[in-house]
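Residue-level listing of the chains:
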Amino acid sequence: MQAQGRGYIARKKVSEQKAVASATAPPSGDSGLPNIADFSAEDQAKIVRMQAQGRGYIARKKVGEKKAAAGTAFSAGGGGLPNLADFSEEDQAKIIKMQAQGRGYIARKK
């Protein structure tokens, strides 16, 4: 019974908020942006080009950040792959075995 009462009150508040929002909202279609039809075809092409350049910049920036994050995680030990000679013969054999298993998995997956 309490849940029903709380639900009734919540629905009433939401409907009141919607009524206030619709009363203060701008008329439909008036988003504050200019109408694209008011521009010439040449200006529309320029606008589209600027939008494409902006989206491209944002995409390149995200890719660069991902590459930088992956690069720092990979080369945090001083830049690049570890020297194989630094490992014992037993460890080298284990590394080679893991590489072979990985290559086999990739070949079977194809």
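That block above? That's the structure.
Now for a description of the structure that goes with this document. Per chain, residue numbering runs from 1 following the sequence as it is written. Local features in this predicted model are restricted to residues of pLDDT 70 or higher, and side-chain atom pairs are both shown and tallied only at a pLDDT of 80 or more, whereas totals for entire chains, interfaces and linings draw on every residue. Think of the side-chain values as coming from all heavy atoms in the structure, minus any hydrogens and water.

1. Some thoughts on the overall build of the chain
Convention followed: Here a helix means four or more residues in a row that DSSP labels H or I, a strand means two or more in a row labelled E, and each is numbered from the N terminus. With a 1.4 Å probe rolled over the protein chains alone, any residue whose accessible area is under 20% of its type maximum counts as buried; one over 50% counts as exposed, and the rest are partly exposed. The Shrake-Rupley method, run with a 1.4 Å probe, gives the accessible areas here. Residue values count only the displayed protein chains as cover.
Check the secondary structure of the chain and you find three helices and zero strands. Helices and strands in the chain line up, N terminus first, as α-α-α. Looking at the 110 residues of the chain, the share that counts as buried comes to 3%. As displayed, the chain has an accessible area near 10,100 Å², and 60% of this comes from carbon and sulfur atoms.

2. A closer look at the pattern of salt bridges
Using the following cut-off: Throughout this description, the term salt bridge denotes a Lys or Arg side-chain nitrogen within 4 Å of a carboxyl oxygen of Asp or Glu.
All chains considered together, the criterion is met by two salt bridges. Of the charged contacts in the structure, one is a salt bridge between Lys46 and Glu42, with a shortest N-O distance of 3.5 Å. Residue Lys46 and its partner Glu42 are both found in helix 2 (residues 41-74); the two are separated by four residues, about one turn of the helix. With relative accessibility at 53%, the residue Glu42 sits in the exposed group. Of the charged contacts, one joins Lys94 and Glu90 as a salt bridge, the two residues approaching to 3.5 Å between their closest N and O atoms. Of the two residues, Lys94 and Glu90 are both situated in helix 3 (residues 89-109); the distance of four residues between them amounts to about one turn of the helix.

3. A short note on helix 1 (residues 2-24)
To keep things clear, this is the line we draw: By definition here, a helix of n residues has an expected span of 1.5 Å times n minus one.
A rise of 1.5 Å per residue sets the reference length of helix 1, with its 23 residues, at 33 Å; its end C-alpha atoms lie 33 Å apart and thus fit the reference within 8%. The element helix 1 is largely exposed, with a buried count of one among its 23 residues.

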